[in-house]
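Below are the chains, spelled out letter by letter.
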Amino acid sequence: MEDCCLSAEDRESHRIHRAIERQLRMDKNNAGRELKLLLLGTGESGKSTFIKQMRIIHGKGYPENDRKGFIRLVFQNIFAAITALIEAMEKLRIPFIDDKNVNFAAMLKDVTPETITTMESHHAEAIKSVWGDHGMQQCYERRREFQLSDSAKYYLDDMDRISSAMYIPTLQDILRVRVPTTGIIEYPFDLGSVIFRMVDVGGQRCERKKWIHCLENVTSIIFLAALNEYDQVLFESANENRMDESKALFKTIIHYSWFQNSSFILFLNKTDILKEKITKSHIVDYFPEYQGPKGDLEAAKKFILQMYKDQNTENKSMYCHYTCATNTENIKVIFSM
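These numbers were taken from a predicted model, which means no experiment stands behind them. (Residues numbered from 1 in each chain as written. Predicted model: local features only at pLDDT ≥ 70, side-chain atom pairs only at ≥ 80, totals over all residues. Heavy atoms only, no water.)

## What about helix H11 (residues 242–254)?
Test applied: Elements are defined by DSSP. Helices are runs of H or I of four residues or more, strands are runs of E of two residues or more, and each kind is numbered from the N terminus. Expected span, for any helix, means 1.5 Å times one less than how many residues it has. Here the term buried applies to any residue with accessible area under 20% of the maximum for its type, exposed to any over 50%, and partly exposed to those in between, with areas from a 1.4 Å probe on protein chains only. Whether two residues are in contact is decided by their heavy atoms, any of which lying within 4.5 Å being enough.
The terminal C-alpha atoms of H11 lie 18 Å apart, and with 13 residues this matches the ideal 18 Å at 1.5 Å per residue to within 8%. All buried positions along H11 are accounted for by Arg242, Met243, Glu245, Ser246, Lys247, Leu249, Phe250, Ile253 and Ile254. Buried positions along H11 lie against strand S1 (34–40), strand S4 (220–226), strand S5 (263–269), helix H13 (297–309) and strand S6 (318–322).

Rendered as structure tokens:
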């Protein structure tokens, strides 16, 4: 009865959520109290963010002392982003509009992001100044042409708060921190009736050879694909499209003999970034087979979903959902247990 007041989209979300619950319930009965969920996807698809959400929803969360531990990482993300933008301006031959930012940029380039532990006031002033320069904003609009974290704008737009002396990262700050996963990391979540043992593995090509060590006794595969990557190239290869790489990886995984008895869940992630990007960058320019209208979010989502479904040539049972891994409420609805 409660579904009668929901929108069509919400009804569909609830339907898929119930289907995932049913499948995991069946898996639980088959595997005992512990479920092993393998989290896969290419680099920067949002796997680690998803793990953080599960910790917020089903784990101990992030008390203040834990949040303080992310201060250094937030600062390092900011310096990595501003350095990438400055270097991209040089490569793309985009000048600063305000001459003082030339000196600020030179100072910031001398900083090694990995060594940063504090946000000095002169660094904060320089970052805010160069980020506000019209030349850097032009560069940011061309970010698909170089490697830049999805969280760059989020942090750089909020420098006043982040550079304050009393700064403590918020949950959203933590969710958006980018730290590449290396190796294999297991996260147990005890939900009382069942233990989820989520396994997060590095998504970069150099990390995938390690996946073989965690393929046994997998209850379910959760594959994350970033919707916004249709116009981006790989960090490892400037000639290869990120979404093509993700699709190829998904096809390989879904046909692995190791996973004959595992259920598959496909999360098409970063709906928020796709919504912003689709109005300026047209899918048809990168995937000519797209026949939908330009700038249409729903048409783009359906097209990308179909591309992934087409990789499932053996018609294995799988559940698909659109997600925004930085949105806790969205993940709660989709994956509440």
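## Structural notes on the packing of helix H4 (residues 71–92) against helix H5 (residues 100–109)
Our working rule: Note on definitions: angles span 0 to 180 degrees between N-to-C directions of axes, and those axes are lines fitted to C-alpha atoms, for helices only across the stretch in contact. Each angle gets one of four labels, with under 35 degrees taken as roughly parallel, over 145 as roughly antiparallel, 65 to 115 as roughly perpendicular, and the rest as oblique. Left-handed describes a crossing whose near helix is turned anticlockwise from the far helix by less than a right angle; the clockwise case is right-handed. Polar here means any residue other than Ala, Val, Leu, Ile, Met, Phe, Trp, Tyr, Cys and Pro, which are nonpolar, and Asp, Glu, Lys and Arg, which are charged; Gly is therefore polar.
Between H4 and H5, the least distance of the axes is 10 Å, while the angle of their chain directions is 125°. When the axes of H4 and H5 are compared, the pair comes out oblique. The element H4 and its partner H5 pack so that their crossing is left-handed. Of the residues in H5, those touching H4 at Phe79, Ile82, Thr83, Ile86, Glu87 and Glu90 are Ala105, Leu108 and Lys109. The class makeup of the residues in the contact of H4 with H5 is five nonpolar, one polar and three charged.

## Focus: the pattern of salt bridges
So the rule is basically this: We count a salt bridge whenever a side-chain nitrogen from Lys or Arg sits within 4 Å of a carboxyl oxygen from Asp or Glu.
Under the counting rule described, the total for this entry stands at 16 salt bridges. The closest approach of N and O atoms between Asp66 and Arg55, which form a salt bridge, is 2.6 Å. Here the residue Asp66 occupies a position in helix H3 (residues 64–68), and Arg55 occupies one in helix H2 (residues 47–58), the gap between them amounting to 11 residues. The partner of Arg161 in a salt bridge is Asp173, and the shortest N-O contact between them spans 2.9 Å. You can see Arg161 sitting in helix H9 (residues 159–162) and its partner Asp173 sitting in helix H10 (residues 171–176), a full 12 residues away along the chain. Here Arg161 falls in the partly exposed class, since its relative accessible area comes to 27%.

## Describing H5
Think of an α-helix as 3.6 residues a turn; residues three or four steps apart then line up on the same face. For the record, the criterion: Here the arc refers to the directions that run from the helix axis out to each C-beta atom.
Where H5 is concerned, the buried positions are Asn101, Phe104, Ala105 and Leu108. Angular distribution of buried residues about the axis of H5 spans 100°; they occupy a single face of the element. Residues of H5 that are buried in the fold lie against H4 and helix H6 (121–132).

## As for the environment of Phe96
By the element assignment, Phe96 lies in the loop between H4 and H5. Linking Phe96 and Ile86, residues 10 residues apart in sequence, is a C-alpha distance of 9.6 Å.

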